[in-house]
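Chain residues, written in single-letter form:
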2 protein chains.
Amino acid sequence: MMDFSPDRLARLSGMLKRRGVILPAFEIHGGIAGLYDFGPVGGRLRNKVIQKWINHWQSLGNIVEISCPTVTPFAVLEASGHVGEFSDYLTECLDCEEASRADHLVETIHPNADSLSKEQLSEIIETNEIKCPNCGEENWGELKSQNLMFNTKIGVGSSAREGFLRPETAQGMFTSFPALYRHFRERLPFGAIQTGKGYRNEISPRQGMIRLREFNMAELEYFIDPNSDVNHDFSNLNYEVVLIPDDEKEIQIEINKATEMGIIRHPTVGYFMALTYEFLINVGINPQYIRFRQHLSTEMAHYAQDCWDAEILGSYGWIECVGIAHRGCYDLEAHENATGQRLRAWRLFDEPKEIQKDGWTVDGSKAGPAFRQLSQKVKQYVETLPPESNFPISTSIDGTEIEIHEEHVKRVQTKEMISGEWYIPHVVEPAFGIDRIIWHLIDHTFKEIEKSNEIYNRLELPDVVAPVDVAVLPLFEKDGMDILAQELHKKFCSKSNIFSIYDGSGSIGRRYARADEIGVPICITVDHDSLVDNTVTIRNRDTTEQKRVNIGELPFF
Amino acid sequence: MMDFSPDRLARLSGMLKRRGVILPAFEIHGGIAGLYDFGPVGGRLRNKVIQKWINHWQSLGNIVEISCPTVTPFAVLEASGHVGEFSDYLTECLDCEEASRADHLVETIHPNADSLSKEQLSEIIETNEIKCPNCGEENWGELKSQNLMFNTKIGVGSSAREGFLRPETAQGMFTSFPALYRHFRERLPFGAIQTGKGYRNEISPRQGMIRLREFNMAELEYFIDPNSDVNHDFSNLNYEVVLIPDDEKEIQIEINKATEMGIIRHPTVGYFMALTYEFLINVGINPQYIRFRQHLSTEMAHYAQDCWDAEILGSYGWIECVGIAHRGCYDLEAHENATGQRLRAWRLFDEPKEIQKDGWTVDGSKAGPAFRQLSQKVKQYVETLPPESNFPISTSIDGTEIEIHEEHVKRVQTKEMISGEWYIPHVVEPAFGIDRIIWHLIDHTFKEIEKSNEIYNRLELPDVVAPVDVAVLPLFEKDGMDILAQELHKKFCSKSNIFSIYDGSGSIGRRYARADEIGVPICITVDHDSLVDNTVTIRNRDTTEQKRVNIGELPFF
């Protein structure tokens, strides 16, 4: 078991700040809770993790990347349920005016505080005499539901419209369904991925990178036909993992087997859990510290039918880093209802079916003169009416009140062969919190090594995410060693997607230590011999092994 | 000269929407001006252009990527001048209430409308009897300065703080100066790059991708010592380009030469112009349609000392796509003044200098008892006072009013050897509008080809940005051709950073045309022979040449 103590966390956080990996944003202006920078070292780490994630899903062959705005009009997030549902309960201390999240106040008392109702939370706060964490008094205002979206105005003056910063990237993919359906030539299943910023106006952000107001998200929305048999290829994904199904007994099992046994309720959910696991271990998360926990029905998001969290253990305990949710037809249906646009796919029957059609249409000779330019819309409306309808019927079309009488309509009873039907696709969504994953891969690979009574730090990042690929060190900055080292450094940098640093100051031991601390996989040292025989020393970060190699045989060259 | 007619623009825009390259965002909800999606084809094009840009600058060897929040506290943008300066003049039609930008109203009358003052704009609108573009009336309200930033609140309740969505990525790099300076071990020059969203709450967005409310930016802030000689290597950058210096005569000249002649006023500005040119032609911009225009002093942004725009000609005329600005010490100085933090670099003298120090310090025996816990801060304050100061002096320290008398202080006059000095670095900034560049590379590479009386579209994108690398087409979806084609498709997708599409429907000619339209560089056709002899047909998009090759010899395999 690794050391996840608060002491180590303090040292690690200090290192991340000192070395420019992750640091509080706008710090010279006093900073602001919940906003972080990826600094000169962290920036490329972030980019590599995101690109690796994109490649991971694109490699499946039927998944495309899209990119939508973060500023989102009110109507979109009203339709999705976020305007109504995306909120926490907040209470203000009447003495010091500090706002607190009600579930945070009671989390030491109740194991699942964020699933409690307003009344339950109020009662626990009162009966347990919870005090304000800011001033220590116990004088709470009433609990209020507080929406967590950042809001803004789009446009100015009287034509300005209300908008929000998106709480998830998902909605842009649902509203893009028509373009996706067209792109995939109307064949499901297919998926869209998106990476980018998500926003959550946290009441009181805590826990460093875990609870941010602005975060890096990466989501896949995978559209499937709920009636279709799915047969995923688990052959390279036979991972044995820890599951906590909603009956709360922890089990160790192959994901494929758990899917077959129905513990995981949909095979695509299981398949994406396996692919999620593969991604996490590829970027450097320790497999020992991953588990999948199924949501209880009380804690499930408003859109989900089933949800498994990939939780990772680190300095902040077990933290949800990925949610793999079966969203059913919730979102497409919601946007369809809100917009009247068809967000459906066509399901071809194995063979055409004969159906009895019974209903109404208009009698053109009467309806035409009666409704004039509205008559086409009246016809569409009439054809949606059930057989048992009684006339006259009053309705409003395009803002005009009309009355449809028996003489305007005819009963139609026909047989028709139909070849298929429209249906609303279901969606399975793996949603990744990139910042939390980056935090944990740093947390898991950060090693403190004692050597001759001194502590050295080493970040054992896999090459695939290491922010610096190679460090080039002249033994001394003279006699041409610096010139050759600069040449090698520039040659590394000129290679596509290879990044090198040049470090000329301090002893070689100090420089190795500096490179190890930010996870540089290899160091190249240029010494006097290099100038003569064109060889350099190449040192491996994790083994500290050193080899003499010819410059022409260096990696990436 | 290419055809940049409105007709072609309409056809191109139609293609981009139909094929899912670029399309209005949230369209099922009615859309919103100035917000666009990169769709199933455009998403990867966007990503490739951005990654190519990052690689382009990182290859210089002393430039690092960072990533800062988009939500930015008020104080940061107040310090930078954006709260006061980042605005347009707006006027509302008193009849229809539609808001218009005053400079847009007069742009057919004045060639440089956005450089005019409020009074000049008002006068032109009045004397030219400009009418409202919405309702046709001439009944304008007074011109008002309208800040262009989206605003929001960070946090909730009484502790909420005012904030904005960043108008540029640059400020996050200036506020990160201490981390950058540490990372580069206090050696200039160095640079930071950042890509991500920028926001501008346009009054009336127009021109498709050109004027967006949310856009993809990519900026480099390069920190230099203004006293240092710079010597950039132009040897691989000897491009002859069109310049329009601020005296307005267009010239064709090598950038290096223009820098030597002083037409470009700083060598680093010239160097980055050349690197900008190189980037633009590498991603597919036609070099014939690039020119660099120097800003007139009247149109220069509030922070700039000199600025050259890379303008690109396309369907919307000449459009500014990159600005290469010499920002001087404006930003670091502004943040230093606002925060009291040192944002400087240390300049070592060639040899130490002796300086005469004349000023004040405290007399500890008197000041200690008088100011107690404030005495250290009083000392710091006193040491900043000029030699000619007269006591007593009243001031406020940490909110306490104090009075410093003659008895508390001593005059100090000493000689001191100093080895260097602190200075505020200057900044040269190339700022790229990624959306505008993507628009133009599409505009320049979109070809309409007549073949047997039909028009085919072809997007002649360079491989480096093509959103799909290869299309795999089974001649028929039967006899195993579909299976082999799917296998090849999946194998392509499994390669790092290679993206393939599988297309099985319609004639091969139709499918070639579909692939050409979105710029797929090569198509692979699997036919009956493929099943027997393991060969496929590979077709080149631009030459339409077809070759038979062995599967094992396919590119990327």
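Residues numbered from 1 in each chain as written. Chains lettered and ligands numbered in written order. Predicted model: local features only at pLDDT ≥ 70, side-chain atom pairs only at ≥ 80, totals over all residues. Heavy atoms only, no water.

1. Regarding the environment of A:Arg11
Residue and element names in this part refer to chain A. Looking at where Arg-11 falls in the secondary structure, it is placed in helix α1 (residues 6–18). Arg-11 sits 437 residues away from Glu-448 along the chain, and the two C-alpha atoms are 9.8 Å apart. Among residues more than four places away in sequence, those in contact with Arg-11 are Asp-3 and Glu-448. (Helix = DSSP H or I, 4+ residues; strand = E, 2+ residues; numbered from the N terminus. Contact = heavy atoms within 4.5 Å.)

2. Some words on the interface of chain B and chain A
Each partner contributes residues to the interface: chain B has 89 residues there, and chain A has 88 residues. Area buried by chain B at its contact with chain A is led by B:Phe26, B:Ile28 and B:His29, which between them contribute 11% of it. Remark: the boundary between chain B and chain A carries four salt bridges. Note that A:Asp503 and B:Arg185 form a salt bridge whose closest N and O atoms lie 3.8 Å from each other. No other element matches the eight residues that helix α2 (residues 42–58) of chain B contributes to the side of chain B that touches chain A. (Buried area = accessible area lost by both parts, 1.4 Å probe. Salt bridge = Lys/Arg side-chain N within 4 Å of Asp/Glu carboxyl O.)

3. Regarding the sheet that holds strand β6 (residues 99–101) of chain A
All names here are of chain A. Reading across from one edge, β6-β5-β7 is the order of the three strands in this open sheet, with antiparallel pairing throughout. Each edge of the open sheet is held by one strand with a lone partner, namely β6 and β7 (144–147). When the angles between neighbouring strand axes are averaged without regard to direction, this sheet yields 50°. (Pairing = 2+ DSSP bridges. Axes fitted to C-alpha atoms, helices over the stretch in contact; angles between N-to-C directions.)

4. Re helix α2 (residues 42–58) of chain A
Turn by turn, an α-helix covers 3.6 residues, leaving residues three or four places apart pointing in a common direction. Here α2(A) spans 24 Å end to end across 17 residues, near enough to the 24 Å set by a 1.5 Å rise per residue. The element α2(A) is extensively covered by neighbouring structure, given that 15 of its 17 residues are classed as buried. (Expected span 1.5 Å × (residues − 1). Buried < 20%, exposed > 50% of the residue type's maximum accessible area, 1.4 Å probe, protein only.)

5. A look at the side chain of B:His295
Residues and elements named next belong to chain B. Structurally, His-295 can be placed in the loop between β14 (290–294) and β15 (306–314). The class of His-295 is buried, set by a relative accessible area of 10%. One polar contact links His-295 to Asp-309, side chain to side chain, over a distance of 2.7 Å. The contact partners of His-295, leaving out residues within four places of it in the chain, are Asp-246, Met-300, Cys-307 and Asp-309. (Polar contact = N/O pair within 3.5 Å; in protein donor to acceptor, adjacent residues only side chain to side chain.)

6. Topic: helix α11 (residues 330–339) of chain A
All names here are of chain A. Here α11 has its buried residues at Asp-331, Leu-332, Ala-334, His-335, Glu-336 and Thr-339. Against the buried residues of α11 lie α3 (74–79), α7 (170–175), α8 (177–183), β11 (214–224) and β16 (317–328). Directly beyond the C-terminal end of α11, a positive phi value near 75° is found at Gly-340.

7. As for the packing of aromatic side chains
One pass over the full model with this rule turns up 48 aromatic pairs over all chains. Considering the side-chain rings of B:Trp360 and B:Phe391, the 5.0 Å spacing of their centres and the 75° angle between planes classify their relative orientation as edge-to-face. With B:Trp360 in strand β17 (residues 345–362) and B:Phe391 in the loop between α13 (375–382) and β18 (393–397), this pair connects stretches of sequence that are 31 residues apart. Accessibility assignment for this pair places B:Trp360 and B:Phe391 in one class, buried. Measuring from centroid to centroid gives 4.6 Å for B:Phe492 and B:Phe557, while their planes differ by 55°, and the two rings are tilted. One end of the pair, B:Phe492, is in helix α15 (residues 481–494); the other, B:Phe557, is in the segment after β28 (546–550), and 65 residues separate them in sequence. Residue B:Phe557 is classed as partly exposed on the basis of its relative accessible area of 28%. In textbook terms, an aromatic cluster arises when at least three aromatic residues are bridged by ring pairs, as seen for A:Trp53, A:Trp57, A:Tyr222, A:Phe234, A:Tyr271, A:Phe272, A:Phe279 and A:Phe432. (Phe/Tyr/Trp six-rings, centres within 6.5 Å; stacked < 30°, edge-to-face > 60°.)

8. Observations concerning the side chain of A:Gln194
Residues and elements named next belong to chain A. Assignment of secondary structure puts Gln-194 in strand β10 (residues 190–199). At 3.0 Å, the side chain of Gln-194 forms a polar contact with the side chain of Arg-166. Residues in contact with Gln-194, not counting those within four places in the same chain, are Trp-53, Ile-66, Ser-67, Cys-68, Arg-166, Thr-169, Met-173, Met-217, Ala-218 and Glu-219.

9. Here's the deal with the pairing of β16(A)
Residues and elements named next belong to chain A. Judged by how many residues are buried, β16 sits mostly within the fold: nine of 12 residues are covered. Pairing geometry for strand β15 (residues 306–314) and β16, over nine bridges, is antiparallel. Each bridged residue has a counterpart across the sheet, and for Cys-307 the counterpart in β16 is Ala-325. Where β15 hands over to β16, the hairpin turn is made up of two residues, counted between the paired strands. Pairing geometry for β16 and strand β21 (residues 426–433), over six bridges, is antiparallel. Following the sheet pairing, His-326 is matched in β21 by Val-428.

10. A short note on the relation of the copies chain B and chain A
Note on the identical chains: chain B maps onto chain A by a rotation of 180° and an axial translation of 0.0 Å, with an RMSD of 0.2 Å. Taken together, the rotation and translation describe the operation of a two-fold axis. Taking the C-alpha atom as reference, chain B places B:Thr152 closest to the rotation axis, 2.7 Å from it. Interface residue correspondence from chain B to chain A reaches 99%, placing this contact among same-surface, isologous pairings. (Least-squares fit on C-alpha atoms with pLDDT ≥ 70 in both.)

11. Overview of the confidence of the model for chain A
Residues of chain A with pLDDT of at least 70 account for 100%, and the chain-wide mean is 93. We note a pTM of 0.90 for the whole complex and an ipTM of 0.90 for its interfaces. (pLDDT = per-residue confidence, 0-100.)

12. Quick look at the sheet that holds strand β11 (residues 214–224) of chain B
All names here are of chain B. Spatially, β3-β10-β11-β21-β16-β15-β14-β12-β13 is the arrangement adopted by the nine strands of the open sheet, whose pairing is mixed. For this open sheet the edge positions go to β3 (63–65) and β13 (251–254), each flanked by a neighbour on one side alone. Averaged over all adjacent pairs, the angle separating strand axes in this sheet is 30°, with direction ignored. Here α2 sits on the sheet and contacts β3, β10 (190–199), β11 and β21 (426–433); the angle it forms with β10, its principal contact strand, is near 160°.

13. Notes on the packing of α2(B) against helix α10 (residues 267–283) of chain B
Helix packing geometry: the angle between the two helix axes and the distance between the axes. Residues and elements named next belong to chain B. Where α2 meets α10, the closest approach of the two axes is 11 Å, and the angle between their N-to-C directions is 145°. In this structure, α2 meets α10 at a crossing whose hand is right-handed. For the pair α2 and α10, contact is made by Val-49, Lys-52, Trp-53, His-56 and Trp-57 and by Phe-272, Leu-275, Thr-276, Glu-278, Phe-279, Asn-282 and Val-283, respectively. Taken together, the residues that form the contact of α2 with α10 break down as seven nonpolar, three polar and two charged. (Left-handed = near helix turned anticlockwise from the far one by under 90°. Nonpolar A, V, L, I, M, F, W, Y, C, P; charged D, E, K, R; others polar.)

14. Focus on a negative patch on the surface
Taken together, the side chains of A:Glu123, A:Glu126, A:Glu129 and A:Glu138 define an acidic patch exposed on the protein surface. Checked against the element boundaries, A:Glu123 lands in helix α6 (residues 118–127). (Patch = residues over 30% accessible without salt bridge, like charges linked within 9 Å, V, L, I, M, F, W, Y side chains within 5 Å. Areas by Shrake-Rupley, 256 points an atom, 1.4 Å probe, with all protein chains shown as cover. Lys, Arg positive; Asp, Glu negative; His and termini not counted. Charge placed at Lys NZ, Arg CZ, Asp CG, Glu CD.)

15. Focus: the packing of α2(A) against α2(B)
Packing of α2(A) against α2(B) leaves a shortest axis separation of 13 Å and a crossing angle of 145°. For the pair α2(A) and α2(B), the crossing hand works out as left-handed. Counted together, A:Arg44, A:Asn47, A:Gln51, A:Ile54 and A:Gln58 of α2(A) and B:Arg44, B:Asn47, B:Gln51, B:Ile54 and B:Gln58 of α2(B) form the full contact between these two elements. Considered class by class, the residues forming the contact of α2(A) with α2(B) number two nonpolar, six polar and two charged.

16. Quick word on unusual backbone geometry
The step from A:Leu188 to A:Pro189 runs through a cis peptide bond, and the omega angle for that step is -5°. Within the element layout of this structure, A:Pro189 appears in the loop between α8 and β10. At the junction of B:Phe391 and B:Pro392, the peptide bond is cis and its omega measures out at 0° in the coordinates. The topology assignment puts B:Pro392 in the loop between α13 and β18. Here the phi dihedral of A:Asp479 falls at roughly 60°; this positive angle occurs in a residue that is not glycine. Along the chain, the position of A:Asp479 falls in the loop between β24 (470–474) and α15 (481–494). You will see that A:Asn497, though not glycine, has its phi angle at about 65°, which is positive.

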